[in-house]
Amino acid sequence: MLSMPAGLFRDSSERICQIFFERFNVAGFGLLDRPMAQLYAAGQLSGVVVDIGHEITDITPIYDGFIMQNARSSTPVGIRDCQVYLANLLRFNQSVMAAASPPDKLSDPEVTQRFLDDLVKHVWLEGLVRVPSDGQTVDIPEDEGVTDIAAVLVAGKEKAVIETGMKKKLTAKASAAEQARAREIEALDLVTVEFRGHSITLGKERHRFCEPLFDPMLLNGLPVERVDPYEGRILPLQEAVAFSVRQTDVAQRQYIWQGLFINGDLTNHVKGIGAALQSRLAPFILSTPDQATDVQPRSIRVLTVPEYFAEYREKGDGFAAFLGTSIVAKIAFNESHGKNFVSKTDYNEKGPHAILEMSLASL
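Reference entry: report on the structure contained in this document. (Residues numbered from 1 in each chain as written. Predicted model: local features only at pLDDT ≥ 70, side-chain atom pairs only at ≥ 80, totals over all residues. Heavy atoms only, no water.)

## What about the pairing of strand β4 (residues 47-52)?
With 6 of 6 residues buried, β4 is to be regarded as a mostly interior element. Across 6 bridges, β4 lies against strand β5 (residues 57-63) in antiparallel orientation. Across the sheet, the residue bridging to V50 is I59, located in β5. Linking β4 back to β5 in an antiparallel pair, the connection comprises 4 residues. (Buried < 20%, exposed > 50% of the residue type's maximum accessible area, 1.4 Å probe, protein only. Helix = DSSP H or I, 4+ residues; strand = E, 2+ residues; numbered from the N terminus. Pairing = 2+ DSSP bridges.)

## Describing the pattern of salt bridges
For the structure shown, the criterion picks out 7 salt bridges. Measuring nitrogen to oxygen at the nearest pair gives 3.1 Å for the salt bridge that ties D189 to R206. Taken together, the residues D189 in the loop between α8 (176-188) and β8 (191-195) and R206 in the loop between β9 (198-202) and α9 (211-214) connect sequence positions 17 residues apart. For the pair D189 and R206, one class covers both residues: buried. Note that E211 and R208 form a salt bridge whose closest N and O atoms lie 3.1 Å from each other. (Salt bridge = Lys/Arg side-chain N within 4 Å of Asp/Glu carboxyl O.)

## Thoughts on the packing of aromatic side chains
One pass over the structure, following the stated rule, counts 8 aromatic pairs. Relative to Y347, the ring of F21 lies with its centre 4.5 Å away and its plane at 15 degrees, an arrangement referred to as stacked. Of this pair, F21 sits in helix α1 (residues 10-22) while Y347 sits in helix α14 (residues 344-350), and the two are 326 residues apart along the sequence. Look at F21 and you get buried, because its relative accessible area is 5%. For Y347, a relative accessible area of 8% gives the class buried. Relative to Y255, the ring of Y63 has its centre 6.1 Å away and its plane inclined at 50 degrees; by these criteria the two rings are tilted. Of this pair, Y63 sits in strand β5 while Y255 sits in helix α11 (residues 250-256), placing them 192 residues apart in sequence. One aromatic cluster in this structure is built from F20, F24 and F29. Stacked on the ring of F214, the Lys or Arg R280 has its end atom at 4.2 Å from the ring centre. (Phe/Tyr/Trp six-rings, centres within 6.5 Å; stacked < 30°, edge-to-face > 60°. Lys NZ or Arg CZ within 6 Å of the ring centre and 35° of its normal.)

Listed below in C-alpha cells is the structure:
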C-alpha cells in the first residue's frame, strides 16, 4: 500500500502500479490518498488535514471517509519561508552574528547567509522552537508537580519528570547569584546552542519561526526564492483553511471542524502549531451562541496521533501518513474477499488499468 498526494492523475497511478509489479515484483499493490492516510492515523473519518511542506502547504477537507475534491486548496508558504524569516531575525542577535561573521575576520555576505540558514535549520530540527497561540506569549511554564503517576508512565515521560526533579534540587542548593542567573535565563527564555564550534545564545526570537505561515506579509522584502512565481495575495494559513472548509456543504462543516490535523516534517520537531492555528481559526466559526443552529460549528478540535501508538509518541505527527497507510494495508491485504488492492492475478489479466478499479484511492 502506497500513500500518494490527493488528486493524482490516473495515468500517473497506472504508471506507479506498473513499476511496482514489473520492477519490484510485488504480490499486491494499492494506492491511498495521503490526506486520508494521515486522518486514519488519528482515528477519524472527517476533518481537515493541513500538510505543511517545504514550499507549499496543502489543505484537504475530508467528510465521512471521502475527500472533498472541490474544496482542496494550497497556499505557497512553507518551511522554507519560515527559515528565511528567522535567519533575518537572527541578524539582530549579537551572539549569532559574532559567530557568523567575527569582527576581527568579517565573512563574505554569502558565507554569512549560509551560516544563518544552516543555524536556523539546526535550531528547528533540534526542537528548540515552540509556537505560541494567537495573543499568547512564548513563555513555556514548567510543571510544578506530578499528580498522576500512571498517566506519566503511560505517556513515557518518566525520564523527563526525573530530570526536572533533579534540576530543581540542584537549583535549590545553588548560591544566591546562581539562582538569580537561573531566574534571568528562565525569564528571557535563553538557550545555548553548540554549532560549528561556537556556543551561540538564542532568545525568544526563535519562537517566531512559524510567523510567516500565519502572516505572509512578513516576508515582504526578504530574499525568498520560489520555484513557481506566485502572483496575487498569499493567504495566511488560517484564511486558507477557513476558505477550504467553506467550500464544503454547510451540514458537513461542524464535523470537519472537529478534526483539524496538522502534518508535515515540521510537526516532528516544532510543537504547538495545532493550537496556534486553532486559536487563529476561532474568528471563522460561531462566536455568538444566540445565533446557533443545528448545523452551525461551535468549536474546533485539534487531532494528534493517539498515545497508544507508543512508537510514534515522541516523534510528533509528521509520520501520520506512514502510520495510516500501514493500518489500511493490514486491513486491506488480510481481507479474504476484499478488492481494495490489485493482486498479481488482477494485474496479469487487466494490466496497469486494474489500479483504477480496485485501489482505495480511486473509489
